[in-house]
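Commentary on secondary and tertiary structure
Chain residues, written in single-letter form:
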Amino acid sequence: MNHRVLNKVIAFSKGKKVMTTISVPNHRSANVQKYKKLYGKKAIYKRWGIEYVKPFIRVQAMTPQEI
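Residues numbered from 1 in each chain as written. Predicted model: local features only at pLDDT ≥ 70, side-chain atom pairs only at ≥ 80, totals over all residues. Heavy atoms only, no water.

Now for the pattern of salt bridges. Counting across every chain of the model gives one salt bridge. Here Glu 51 makes a salt bridge to Lys 36, at a shortest N to O gap of 3.1 Å. Taken together, the residues Glu 51 in strand 3 (residues 50–53) and Lys 36 in helix 2 (residues 32–39) connect sequence positions 15 residues apart. Overall, the relative accessible area of 26% leaves Glu 51 in the partly exposed class. (Salt bridge = Lys/Arg side-chain N within 4 Å of Asp/Glu carboxyl O. Helix = DSSP H or I, 4+ residues; strand = E, 2+ residues; numbered from the N terminus. Buried < 20%, exposed > 50% of the residue type's maximum accessible area, 1.4 Å probe, protein only.)

In structure tokens:
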């Protein structure tokens, strides 16, 4: 385990907000409504008026396993 991950785990255990990145498998054909409902507008981008799911989404970690 590297220092960066270890620092995030320590901060999470102290009750601080820790950001993590979620990778979306098969993001090109993923359901836009599903990810919009789960993560809000930060998970969606528009290109030429069509909505797509981002390949990586930055969110606040809710469990230590997400880090």
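From this point, things continue past the structure.
Our focus in this paragraph is the nonpolar core. Core analysis: the biggest nonpolar cluster contains nine residues, these being Val 24, Ala 30, Val 32, Tyr 35, Ala 43, Ile 44, Val 53, Ile 57 and Val 59. Of all the elements in the fold, those that place two or more residues in this core are helix 2 and strand 4 (56–60). Not counting residues within four places of it along the chain, the set of residues in contact with Ile 57 comprises Thr 20, Thr 21, Ile 22, Val 24, Tyr 35, Tyr 39, Lys 42 and Ala 43. (Core = buried A, V, L, I, M, F, W, Y, C linked by side-chain atoms within 4.5 Å. Contact = heavy atoms within 4.5 Å.)

Below, the discussion takes up the packing of aromatic side chains. Going through the model one piece at a time under the given rule, you end up with two aromatic pairs. Here the aromatic rings of Tyr 35 and Tyr 39 are separated by 6.3 Å at their centres, their planes lie at 20°, and the arrangement is stacked. Taken together, the positions of Tyr 35 and Tyr 39, both in helix 2 and four residues apart, correspond to about one turn of that helix. Owing to a relative accessible area of 27%, Tyr 39 belongs among the partly exposed residues under this scheme. Between Arg 47 and the ring centre of Trp 48, over which it is positioned, the NZ or CZ distance is 5.0 Å. (Phe/Tyr/Trp six-rings, centres within 6.5 Å; stacked < 30°, edge-to-face > 60°. Lys NZ or Arg CZ within 6 Å of the ring centre and 35° of its normal.)

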